[in-house]
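Below are the chains, spelled out letter by letter.
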Amino acid sequence: MARSTWVLASATALLAVAASSDAGQRLADFRRVVVGGQAVEAQRAAAAELADYAGRVAGTTIEVVTADRYDPAAPGLSFFVGDAAAREALKLELGPWKHEEWLLKTVPSGLILAGHDGNGPAWRISMPAGTMLAVYTLLDDHLGVKWLWPGPFGERVPSAPGGMIPEFDARATPRFMIRSIQLGYPSTYHVKEFNEAAAKWARRARLGWTRSAVFGHSWYDAFNLRTNKTFEEHPEWFALVNGKRRGPQMCTTHPEVIARMVEHVLKGKQDIMHISPSDGGGFCQCTEETKSETHKRLNLPSCTSLDVPGLLAYDGKSPQLSDRIFTYANEVARRVREQNPDKGCGMFAYTFYNKPPVRIARLEPNLYLSFVYQAASFRDPEAYQVWKDSVAGWQALGARMVVREGWGNHYYLDLPFLQYDQIAANLAEAARLGFIAAYGEGSKSFATQAPNHWAAVRMMWNPDQDPHRVMEEFWTAAYGPVATEMKAFFEAYNQSLNRRWEKRRRIVPTAGIAYANLINSWHVILPPEAVDEAEGHLAAAEKKVPPGEYADRVAFHRFGQDYTRAVLELLDCYRLLTELGVPLDAFRREAENTLNDPARRQALLRRAFDLGETRERMLLLHRDWAAMDEGLYAFANDNNLRQWHARVKKELGIEKPTALTKSALQGAASAPARPQGE
């Protein structure tokens with residue numbers, strides 16, 4: 001693929017230009033959807049979606065016909081879906097297409113909806129589907145259909161029999177070349193119903209990862225760290241830590257490590273291949289005295305000699321590694337470009353190397369920087385300023401920057417850590433600053449975090465929108481007659497975070513989001529009074545909402561509220577048990593000395609056990625809902641992480657295995673699909 005194809009084409013506008021309502025076409029006059037006889041799957045799916053949803057909005061039945069059955073003399077107007085339909089029925093040639101380009105064009109006989117389409121599964125966002133983008137732009141932006149979250153009661157279809165379709169002459173490409181949000185842990189942890197609903201929601205939200213690119217941690221694959229073979233054969237490739245060679249980090253100044261990574265990229269299937277270090281710490285400490293014999297023979301610098309003396313990382317105590325890591329990344333990218341100018345290298349800007357290097361003048365043009373940060377931290381002015389300064393520093397190096405976010409990652413434990421204001425504002429700013437793509441971790445937990453997801457997907461699609469209007473659209477579409485009450489419900493948590501964020505505990509001295517700081521601060525940032533305030537607004541909505549779709553959504557959030565109350569109390573139990581000497585990973589005592597109160601300790605253990613069991617039951621109760629992420633909890637169990645409930649059971653002498661592991665979940669049945677009766 002030529003590098004020029006990676007440059008986003010400038011779009012005339014993301015929203016089609018609409019004429020006045022009296023100049024358009026009446027929705028009720030559309031009788032059919034015309035699709036090519038040899039249409040690809042994306043075009044057939046787009047035709048079916050358009051016929052279904054437009055028909056429901058109009059209160060009529062719209063049939064799907066192939067172009068060879070289209071009769072120009074038939075009464076009524078037609079939707080022409082896909083370039084083949086336009087070519088066969090209207091004798092119009094629309095190509096060639098830019099990548100993911102879409103088109104909406106009014107013609108006397110109806111409306112053309114077409115675009116750049118790949119020949120693959122329609123519901124995979126890795127497959128280009130410009131025609132589907134055109135269809136969802138019409139349905140969402142102009143006919144008012146909204147997909148709030150995966151599943152049936154996340155769908156909003158208005159009734160508008162007298163609706164008008166404006167005149168269109170729009171042809172555009174998406175602003176971000178990647179638009180993706182991962183809904184929790186791998187699909188193998190989730191039931192089929194949810195996975196299918198999530199795939200359709202992502203496509204309908206106009207997400208897409210159609211560019212062949214990967215940015216993640218690479219050394220596990222590049223050096224086959226699944227086994228010890230590479231270490232046994234080449235121990236000096238690995239990081240020197242406390243005088244010993246070990247993984248999972250590598251010695252980034254070793255010439256054979258760089259050569260292996262060049263080979264990894266050139267042989268990789270992706271157009272942009274990942275070259276990022278392994279996750280976590282344990283980076284190489286080799287000095288001029290302790291570097292390998294290969295280094296000495298070739299007179300190569302050690303890893304630590306490339307670090308800037310006195311420059312510290314985000315934690316305020318570790319050396320900032322940006323200069324050494326990006327010296328490595330630049331060298332890999334340079335050698336790759338010499339052999340294949342069209343091949344890119346995907347690189348994280350992350351943890352100990354998230355800030356711009358000081359001694360490097362320019363980054364290689366085929367190096368794509370996945371900029372790891374969290375807009376959730378921007379409640380702190382210091383964190384926001386650090387982000388802006390860092391972006392400016394990377395831009396000065398010519399970085400091609402990609403948003404890599406944690407919109408709903410495991411740090412938040414499916415709790416209402418609401419950051420929709422920060423998400424929307426940040427994606428708009430990222431687009432203005434020249435970021436070319438956006439992706440990140442979300443959560444399956446729409447029951448508590450739905451506004452976060454809405455802000456993320458809406459602004460990824462069109463970052464030029466007014467963030468305030470984006471959120472007002474959500475409250476109205478999702479909750480109708482109780483929009484005021486439900487907005488107040490979420491705002492109770494949002495404003496609690498705004499007011500109390502500066503009071504969080506600083507286990508790690510950083511203005512950003514640190515897991516240790518967050519897990520030890522839930523009682524500070526979302527105290528019981530915040531939960532009670534939210535409860536009052538939710539109860540008011542429950543009292544006022546009429547039966548039907550809005551009541552279903554309020555009941556959905558009731559499930560999330562009950563989970564929130566239980567888990568926040570549970571986390572408080574864990575924190576207090578730590579003060580009483582129960583060792584619970586990640587929790588830190590506030591006092592130096594352990595408290596001695598056996599009776600209180602036993603009472604807290606019993607309460608923590610009951611709440612932990614409640615949490616597990618809730619995670620298993622509605623697995624086909626986009627509510628809580630049972631996969632997050634099961635993944636932690638499978639990898640022996642965050643074993644707080646197991647520790648409580650051990651302290652109480654209770655032998656009861658968890659039902660939340662991958663193997664157990666794969667054998668469990670799904671629960672009912674609607675919230676009534678909960």
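The residue count restarts for each chain, going from 1 along the sequence in the order it is written. Local features are withheld for residues below a pLDDT of 70 in this predicted model, meaning they are given only at 70 or higher, and side-chain atom pairs are given and counted only at 80 or more; totals for whole chains, interfaces and linings count all residues. Here the side-chain values reflect all heavy atoms present in the structure, with hydrogen atoms and water set aside.

*Asks:* Which parts of the structure should I look at to understand the overall build of the protein chain?
*Replies:* Going along the chain from the N terminus, every DSSP run of H or I of four or more residues is numbered as a helix, and every run of E of two or more is numbered as a strand. Across its full length, the protein chain holds 22 helices and 18 strands. For 678 residues, the compact-globule estimate of 2.2 N^0.38 gives 26 Å, and the C-alpha radius of gyration of the protein chain, at 27 Å, lies within 12% of that figure. With respect to the principal axes defined by its C-alpha atoms, the protein chain has extents near 85 × 65 × 45 Å. Here the protein chain, with 678 residues, has 58% of them falling under the buried criterion. Only the protein chains shown count as cover for residues, and all accessible areas are computed by the Shrake-Rupley method using a 1.4 Å probe. As displayed, the protein chain has an accessible area near 26900 Å², and 51% of this comes from carbon and sulfur atoms. Only C-alpha atoms enter the radius of gyration; for comparison, a globular chain is expected to reach 2.2 Å times N to the power 0.38, where N is the number of residues. Burial status follows relative accessibility: with a 1.4 Å probe on protein chains alone, a residue under 20% of its type maximum counts as buried, one over 50% as exposed, and anything between as partly exposed.

*Asks:* How should the packing of aromatic side chains be read in this particular structure?
*Replies:* For any pair of aromatic rings, the description rests on two quantities: the centre-to-centre distance and the angle between the ring planes. Only Phe, Tyr and Trp rings are paired, with Trp represented by its six-membered ring, and only when their centres lie within 6.5 Å; those with planes under 30 degrees apart are stacked, over 60 edge-to-face, the remainder tilted. All chains considered together, the criterion is met by 45 aromatic pairs. Aromatic side chains Phe-283 and Phe-352 sit 6.1 Å apart centroid to centroid with 75° between the ring planes, which places their arrangement in the edge-to-face category. Of the two residues, Phe-283 is situated in the loop between β14 (272-274) and α8 (293-298) and Phe-352 in the loop between β15 (344-349) and β16 (367-372); the sequence distance between them amounts to 69 residues. Residue class for Phe-283 comes out buried when judged on its relative accessible area of 9%. Note on Trp-387 and Phe-435: the rings are 6.5 Å apart at their centroids and 15° apart in plane angle, and the pair reads as stacked. Linking Trp-387 in helix α10 (residues 381-396) with Phe-435 in the loop between α11 (420-432) and β18 (437-441), this pair joins segments that are 48 residues apart in sequence. Cluster of aromatic residues (ring-pair linked, three or more members): Tyr-420, Trp-454, Phe-474, Trp-475, Tyr-479, Phe-489, Phe-490 and Tyr-493. Placement of a charge over a ring requires the Lys NZ or Arg CZ to be within 6 Å of the ring centre, with the centre-to-atom vector within 35 degrees of the ring normal. The ring of Trp-97 carries the charged tip of Arg-171 above its face, separated from the ring centre by 4.3 Å. Between the NZ or CZ atom of Lys-444 and the centre of the ring of Phe-194, over which it lies, the distance is 4.7 Å.

*Asks:* I'm lost on helix α14 (residues 483-500) in this one. Help?
*Replies:* What sets the pattern is the α-helix's 3.6 residues per turn: residues three or four places apart point alike. Each residue after the first adds 1.5 Å to the expected span of a helix. Relative to the 26 Å expected for 18 residues at 1.5 Å per residue, α14 spans 26 Å between its end C-alpha atoms, a close match to the ideal helical length. Fitting axes to the seven residues that end at a residue and to the seven that start at it, the angle between those axes gives the bend at that residue. In the structure, α14 departs most strongly from a straight axis at Glu-491, where the bend amounts to approximately 30°.

*Asks:* I'm lost on the side chain of Arg-575 in this one. Help?
*Replies:* Looking at the secondary structure, you find Arg-575 in helix α18 (residues 549-579). In this description, contact between two residues means that some pair of their heavy atoms is separated by no more than 4.5 Å. Once residues within four sequence positions are removed from consideration, Arg-575 is found in contact with His-523, Phe-587 and Glu-590.

*Asks:* Could you clarify how one ought to interpret the packing of α14 against α18 in this entry?
*Replies:* The angle between the axes and the distance between the axes are what describe a pair of packed helices. In the contact formed by α14 and α18, the axes pass within 12 Å of each other and the chain directions differ by 20°. When the axis of α14 is compared with that of α18, the two are roughly parallel. Two packed elements cross with a definite hand, and for α14 against α18 that hand is left-handed. Of the residues in α18, those in contact with Met-486, Phe-489, Phe-490 and Tyr-493 of α14 are Val-554, His-557, Gln-561 and Thr-564. Three residue categories are used. Nonpolar comprises Ala, Val, Leu, Ile, Met, Phe, Trp, Tyr, Cys and Pro, charged comprises Asp, Glu, Lys and Arg, and polar comprises the others, including Gly. Here the residues of the contact of α14 with α18 sort into five nonpolar, three polar and no charged. The axes are straight lines fitted to the C-alpha atoms, using for helices just the contacting stretch, and the angles between their N-to-C directions are given from 0 to 180°. In this scheme, roughly parallel covers angles under 35 degrees and roughly antiparallel covers those over 145, while 65 to 115 is roughly perpendicular and the rest are oblique. Crossing handedness: left-handed means the near helix sits turned counterclockwise from the far one by under a right angle, and right-handed means the same turn made clockwise.

*Asks:* What is the right way to read the nonpolar core from this model?
*Replies:* Across soluble globular proteins, you tend to see nonpolar side chains buried next to one another. One finds Phe-79, Phe-326 and Trp-522 to be the most contacted residues of the largest nonpolar core, which totals 209 residues. If one sorts the elements of this core by residue count, α18 sits on top with 14 residues. In this view, Phe-326 contacts Met-347, Phe-348, Ala-349, Tyr-353, Pro-357, Ile-360, Leu-363, Leu-367, Leu-369 and Trp-394; residues no more than four positions away in its chain are not counted. What makes a nonpolar core is a set of buried Ala, Val, Leu, Ile, Met, Phe, Trp, Tyr and Cys residues whose side-chain atoms join them at distances within 4.5 Å. Core analysis: the next-biggest nonpolar cluster, separate from the first, contains 14 residues, Val-65, Ala-89, Leu-94 and Leu-103 among them.

*Asks:* Looking at this structure, how should I read the sheet that holds strand β3 (residues 63-66)?
*Replies:* In a beta sheet, neighbouring strands pair by backbone hydrogen bonds and run either parallel or antiparallel. In this scheme, strands are said to pair when DSSP sees at least two bridges between them. The strand order β3-β2-β4-β6-β5-β10 describes an open sheet built from six strands, whose pairing is mixed. Every interior strand has two partners, whereas the edge strands, β3 and β10 (169-172), have only one. Across the sheet, the mean angle from the axis of one strand to that of its neighbour is 20°, orientation sign disregarded. Both strand β5 (residues 102-107) and strand β6 (residues 110-115) contribute to a ladder of six bridges, which runs antiparallel. Counterpart to Trp-102 in the pairing with β6 is Gly-115. Most of the contacts of helix α2 (residues 83-90) go to strand β4 (residues 77-81), to which it runs at about 130°, and overall it touches β2 (30-35), β4, β5 and β6.

*Asks:* Would you mind going over the state of the cysteines with me for this structure?
*Replies:* One covalent bond between the sulfur atoms of two cysteine residues makes up a disulfide. When the sulfur atoms of two cysteines come within 2.5 Å, that pair is taken as a disulfide. Under the definition given, this model contains zero disulfides. This cysteine, Cys-303, is not joined by any disulfide, and Cys-251 carries the nearest cysteine sulfur, 3.7 Å off.

*Asks:* Explanation requested: the side chain of Arg-404 in the structure shown.
*Replies:* Tracing the backbone through its elements, the reader meets Arg-404 in strand β17 (residues 400-406). Distance and chemistry together define a polar contact, namely a pair of N or O atoms within 3.5 Å, with one atom able to donate a hydrogen and the other to accept it when in protein, and with adjacent residues in sequence counting only for side-chain atoms on both sides. Of note is the side chain of Arg-404, whose polar atom sits 3.1 Å from the side chain of Glu-441. Here Arg-404 is in contact with Phe-348, Ser-370, Phe-371, Val-372, Tyr-373, Tyr-439 and Glu-441, once residues within four sequence places are set aside.

*Asks:* Help me understand empty space enclosed by the protein, please; the structure alone is not making it clear to me.
*Replies:* Over the atoms rolls a probe the size of a water molecule, and in doing so it shows where empty space is left. In this analysis, the protein atoms alone were mapped onto a 1 Å grid. Cavities are point sets where a 1.4 Å probe fits without being able to get out; pockets are open sets with protein on both sides within 12 Å along at least five of seven lines; lining residues have an atom within 4 Å of a point. Grid points are joined across faces, edges and corners, and a volume is the space filled by probe spheres set on the points. Scanning the model with the defined rule gives four cavities of 30 Å³ or more in all. Roughly 70 Å³ of volume is contained in the largest cavity. Element by element, the count of residues in the lining of the largest cavity is highest for helix α12 (residues 446-461), at four residues. Residues belonging to the lining of the largest cavity are distributed by class as follows: five nonpolar, no polar and four charged.

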